[in-house]
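In case you want the letters, here they are:
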Amino acid sequence: MALVAVVVVLVGLVVFQLVRQPPPVRVETYVAQTFLPGRQPTLAWPSQGEAAIGVEGVGIVGAHGYEQPTPIASVAKIMTAYLILKDHPLAIGASGPLIRITPADVATYRYDRSTGQSVVAVRAGEKLSELEALEALLIPSGNNIATLLAEWDAGSLSAFVAKMNATAKSLGLTATHYADASGLSPATVSDAIDQTRLAMIAMQNPVFASIVAMPQVVLPVAGLQYNVDGLLGRDGIIGVKTGSTNQAGGCFVFAVRRTVAGRPVTVVGAVLAQMATRAQPSIIEAAFQATTQLVNSFTPYLTQAAVPLSGEIRIGSLMAPWASAVPLEIRGAASFLGWSGMHVSVSLTAFGSIRLPVAAGERVGWAVLRAGSEAARLPVVATRGLSSPSLLWRLRRI
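What you are looking at is a predicted structure, and each value in this text was computed from that prediction instead of being measured. (Residues numbered from 1 in each chain as written. Predicted model: local features only at pLDDT ≥ 70, side-chain atom pairs only at ≥ 80, totals over all residues. Heavy atoms only, no water.)

S.K.: What am I meant to see in helix 3 (residues 103–114) here?
M.R.: For an α-helix, the turn length of 3.6 residues means that residues three or four places apart are oriented alike. In this model helix 3 runs 16 Å from its N-terminal to its C-terminal C-alpha over 12 residues, within 8% of the 16 Å that 1.5 Å per residue would give. Buried within helix 3 are the following residues: Asp 105, Val 106, Tyr 109 and Asp 112. On an axial view of helix 3, the arc spanned by its buried residues comes to 130°, and they lie on one face. Summarising the geometry of helix 3, the exposed residues directed more than 90 degrees from the buried face are Pro 103, Ala 104, Arg 110, Tyr 111 and Ser 114. If you follow the buried residues of helix 3, they end up packed against strand 6 (98–100) and helix 5 (143–154). Gly 116 sits one or two positions beyond helix 3 and adopts a positive phi of about 80°. (Helix = DSSP H or I, 4+ residues; strand = E, 2+ residues; numbered from the N terminus. Expected span 1.5 Å × (residues − 1). Buried < 20%, exposed > 50% of the residue type's maximum accessible area, 1.4 Å probe, protein only. Arc of directions from axis to C-beta. Contact = heavy atoms within 4.5 Å.)

Written out as structure tokens, the structure is:
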């Protein structure tokens, strides 16, 4: 009887081991990355101050200099215009509400003019549309117009400045602080990376982009006004904003249009704190020269290129205790706009469960490749098969 009992137990154990579900196949993922073909750009950074450059919709290429808050002068008007258009949206072709010029606005104009600031003439009783006021702000860069718009929007300059700082915080512009709406105050500071990012955001508004691309404008009282952006229209420059004071030096936040593989691409950047030298006594011309050199050194690296994939990226493995690891591989092709050597992140999303057996080349998940704001989803396959556990392995399993 004892022997029969032992046999029954053994048979039962064998049956149990044979019908028992094997452990689930585990997908082990790796931190993976790849790069667009070619070497990283070698950029002609300015020898002083700081600078940054990036591609709209893709990201920041790089930055150079002390990368700390520095006065930005009239570059601050990018945020002023961005906030006005955020609070009072305009469609292309629309003029928006009228802003009546008061005696107080005229007094501001006269004071700003007497202290040597950049101004746009106004007259009591004059009516400027929102669009005209934005043109006066961004094209001839009127400091008095910055005050006018701030008070029109928020009721007071201080309330508007508080909104500027709250908006900077919400946009992640951690090095940026505004003390006024025009940028005259040396306490209005930022860095090149923040201003590049802000310009990318502002340029998404078609009204903002259309204004900064205008070489001149005719205003009701001030008449013909020219854009202070001396590079506008040259070498693909389509904006954005200049600034210059003794404390800030020459500053230029720029946007440049290029065509890559038949596709329009906007390069955006900032050059800040360019001071006068014996060779270049004009601080704004120093900013323009530094911009030209930086842009020309970068744009040859712009590319639309396929990412090297098959067999070159270790993205993960199928792990089963009865077999050696089965490497996974991305199949297909993905092409991105960017620059040579640009980083492309790769992440794996495996299917919820892996059913056995797995054949070589069978899809087991998806890889998501990201370069800036662009993404591509490609299948992930097993590079070789994975069979169910053998009878011997099942019987040995405890």
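S.K.: I tried to follow the sheet that holds strand 1 (residues 26–29) on my own but got confused; where do I start?
M.R.: The strands that make up a sheet pair up through hydrogen bonds in the backbone, lying either parallel or antiparallel. Across the sheet, 7 strands lie side by side as 1-15-16-20-19-18-2; this open sheet has antiparallel pairing. Both edges of this open sheet fall to strand 1 and strand 2 (32–35), since each of them pairs with a single strand only. Taking the axes of each pair of neighbouring strands and ignoring which way they run, one obtains an average angle of 30° across the sheet. Pairing analysis gives 4 bridges linking strand 1 to strand 15 (residues 316–320), with the strands arranged antiparallel. When the sheet's bridge partners are listed, Thr 29 is paired in strand 15 with Gly 316. (Pairing = 2+ DSSP bridges. Axes fitted to C-alpha atoms, helices over the stretch in contact; angles between N-to-C directions.)

S.K.: Where do I start with the nonpolar core in this structure?
M.R.: In globular proteins that are soluble, nonpolar side chains generally tend to be buried together. Met 79, Leu 134, Ile 145, Tyr 178 and Phe 208 are the most contacted members of the largest nonpolar core, which totals 64 residues. Ala 32, Val 58, Phe 298 and Ala 320 belong to the second-largest nonpolar core, a separate cluster that totals 54 residues. (Core = buried A, V, L, I, M, F, W, Y, C linked by side-chain atoms within 4.5 Å.)

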